[in-house]
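So you can see what is in the structure, the chains are spelled out below.
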Amino acid sequence: MNALPDRVDSDVVLVVDDVPDNLSVLHDALDESGYTVLVATSGEAALQRAAQALPDIVLLDAMMPGLDGFEVARRLKAGPQTAHIPIIFMTGLTETEHLVAALEAGGVDYVTKPIKPKEVLARMGVHLQSARLARQTRNALDAFGYASITVRPSDGRLMWQTPLARDLLKAYYGTSAPETPAPVLEWLRRHLQDAERNIEPPRLSAQQGARRLSIRLHQQTGDDDWLIVMREVSDAVVIEAMGLAFKLTAREAEVLYWVVKGKINRDIADILGASPATVKKHLERIFVKLGVETRTSAAAMAMNRIRQLHPQFEA
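Because the structure is predicted, anything quoted here is derived from the model rather than measured.

**Student:** Would you mind going over the overall build of the protein chain with me for this structure?
**Tutor:** A count of helical and extended segments in the protein chain gives 13 helices and ten strands. Taking 315 residues into account, the globule formula puts the C-alpha radius of gyration at 20 Å, and the protein chain, at 27 Å, lies well above it. Each principal axis of the C-alpha distribution contributes one length, and for the protein chain these read about 85 × 40 × 35 Å. Looking at the 315 residues of the protein chain, the share that counts as buried comes to 44%. For the protein chain, contacts bridging at least 24 residues in sequence account for 56% of all contacts bridging at least 6. When the accessible surface of the protein chain is split by element, carbon and sulfur atoms take 52% of a total near 16100 Å². Here the protein chain holds 36 positive side-chain charges and 40 negative ones, and the gap between their average locations is 12 Å.

**Student:** Help me understand the packing of aromatic side chains, please; the structure alone is not making it clear to me.
**Tutor:** Each aromatic ring pair is specified by the distance between its two centres and by the angle formed by the two planes. On inspection of all chains with the given rule, the structure shows two aromatic pairs. Residues Tyr257 and Trp258 carry aromatic rings whose centres are separated by 4.8 Å and whose planes lie at 85 degrees to one another, so their mutual orientation is edge-to-face. Exposure remark for Trp258: the relative accessible area of 5% places this residue in the buried category.

**Student:** Mind showing me how you'd approach the sheet that holds strand S2 (residues 36-40) here?
**Tutor:** Think of a sheet as strands paired side by side through backbone hydrogen bonds, with each pair either parallel or antiparallel. Ordered in space as S2-S1-S3-S4-S5, the five strands form an open sheet in which the pairing is parallel. Each of the sheet's edge strands pairs with one partner strand only, and the pair in question is S2 and strand S5 (109-112). Across this sheet, the average inter-strand angle for adjacent strands is 20 degrees, counted without regard to direction. Bridge count for strand S4 (residues 87-91) against S5 is four bridges, and the pairing is parallel. By the bridge assignment for S5, Thr91 is matched with Thr112. Its contacts with the sheet put helix H1 (residues 20-32) on strand S1 (12-16), S2, strand S3 (57-61) and S4, and the angle it makes with S2 is roughly 165 degrees. Lying on the sheet, helix H3 (residues 69-78) is in contact with S3 and S4; it crosses S4 at an angle near 175 degrees.

Criteria and thresholds
- Residues numbered from 1 in each chain as written.
- Predicted model: local features only at pLDDT ≥ 70, side-chain atom pairs only at ≥ 80, totals over all residues.
- Heavy atoms only, no water.
- Helix = DSSP H or I, 4+ residues; strand = E, 2+ residues; numbered from the N terminus.
- Rg over C-alpha atoms; globule rule 2.2 N^0.38 Å.
- Buried < 20%, exposed > 50% of the residue type's maximum accessible area, 1.4 Å probe, protein only.
- Contact = heavy atoms within 4.5 Å.
- Areas by Shrake-Rupley, 256 points an atom, 1.4 Å probe, with all protein chains shown as cover.
- Lys, Arg positive; Asp, Glu negative; His and termini not counted.
- Charge placed at Lys NZ, Arg CZ, Asp CG, Glu CD.
- Phe/Tyr/Trp six-rings, centres within 6.5 Å; stacked < 30°, edge-to-face > 60°.
- Pairing = 2+ DSSP bridges.
- Axes fitted to C-alpha atoms, helices over the stretch in contact; angles between N-to-C directions.

Any functional reading would require information beyond the geometric quantities listed.
Structure representation (structure tokens):
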């Protein structure tokens, strides 16, 4: 297996064409312009090379024997690891239906044969800049602990994800790419019209004990792809702070936490693996320690204290 190219020094271009002369012309022009060039002479080889090297852009011949360029593009766009890579089709077919097919298969642009290297370089520069900005956005989000995915609302496919996003979706929803969790897709589709008018929709939340996944729509990244950003928040520190503030036991602090969250005794019992009678006894002791008589008063007192210590807490 060939070593992967050094991504720090130059952008990596995968050129796919079954005609050696075409590859030679493009390879020389790209190499002289400072790109790292990878080549493939068939659709199957292109898919393997793309999965191995994850190039920054793909120049793809539309018509090849066996697996043609349209199918290669569809498969690249179907894979979460390669869906974000821009594809420029190279085609000798200039009929409108063929050009439309190239774009529908996932291409961002096309150039017609015979290939003019200067034109190819100019088109590549535009799309590489857009891809670079998108990559910088994703890297910045990752650096600050935000997980991100891109979703295509039209068919519900999860097109791209960070490793952290993959783990969070598995933990909270039990799904994996290319499946988008049903609640996330429903939320996206429900607010899509507002989002297209730059009106940010309300955030979506998923809860697991004191851990919560906060999900927000970030921006549109393509004609039909949307970047969704997720962050996991743990309220364990909030529970601990309530225990210290009101001199509660660890279990009493947990019960009060769920009272603040609006849960009834039966729900709290299910969450904590206790009986409703046990939860009721905990509540009675909490009322005494807080000097209140009702759960509403206890929740209000606890909420006021939490907001002083943790302003970002969401009840």
